[in-house]
Amino acid sequence: MEARIVIVGSDTDRVALWDWLSGDRDLRGLVRRDTVPRAGEMGGEIEYVVSAVIGAGAVWAALAKTLSIWLMQRRSDVTITITGPGGRKTHVSTKRTKDPEAVIREVLDATTEQQ
């Protein structure tokens, strides 16, 4: 199962998120970068993909927590889109979300419960 994360922000924000996710001990070895081509474009959008098969519920809980901490620490306006393993999406913004962990968990847990 995979969760996909897309960030709308500066290049500095993208690098910071990559460093944050790849440095989290609970996510170590589960995070990779993908470039997804958009229709009619040569380049693509960078996505961070978290893959887990065994113990996915614990991985999604760790991902929700680490993303929410990262978002709360950002000083710039950043929005991330999380697509859960079942395709459910949500957008979380540093300016508009009071409890980002709850929003992220809702997306990730909805799929885990259906499995």
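Conventions used here
- Residues numbered from 1 in each chain as written.
- Predicted model: local features only at pLDDT ≥ 70, side-chain atom pairs only at ≥ 80, totals over all residues.
- Heavy atoms only, no water.
- Axes fitted to C-alpha atoms, helices over the stretch in contact; angles between N-to-C directions.
- Helix = DSSP H or I, 4+ residues; strand = E, 2+ residues; numbered from the N terminus.
- Left-handed = near helix turned anticlockwise from the far one by under 90°.
- Contact = heavy atoms within 4.5 Å.
- Nonpolar A, V, L, I, M, F, W, Y, C, P; charged D, E, K, R; others polar.
- Core = buried A, V, L, I, M, F, W, Y, C linked by side-chain atoms within 4.5 Å.
- Buried < 20%, exposed > 50% of the residue type's maximum accessible area, 1.4 Å probe, protein only.

Chemist: Kindly report on the packing of helix α1 (residues 11-23) against helix α2 (residues 56-73), identifying the contributing residues and their values.
Modeler: Between α1 and α2, the shortest axis-to-axis distance is 11 Å and the interhelical angle comes to 140°. Between α1 and α2 lies a crossing of right-handed hand. For the pair formed by α1 and α2, the contact residues are D13, A16, L17, W20 and L21 on the first element and L63, T66, L67, I69, W70 and Q73 on the second. Of the residues assigned to the contact of α1 with α2, the class counts are eight nonpolar, two polar and one charged.

Chemist: How would you sum up the nonpolar core? Please name residues and give values.
Modeler: Counting 27 residues, the largest nonpolar core has I5, L17, L21, W60, L63, L67 and I80 as the members making the most contacts within it. Elements with a contribution of two residues or more to this core: β1 (2-8), α1, β3 (44-51), α2, β4 (79-83) and α3 (100-114). Setting aside anything within four residues of it in sequence, one finds L17 in contact with I5, I7, Y48, L67, W70 and I80.

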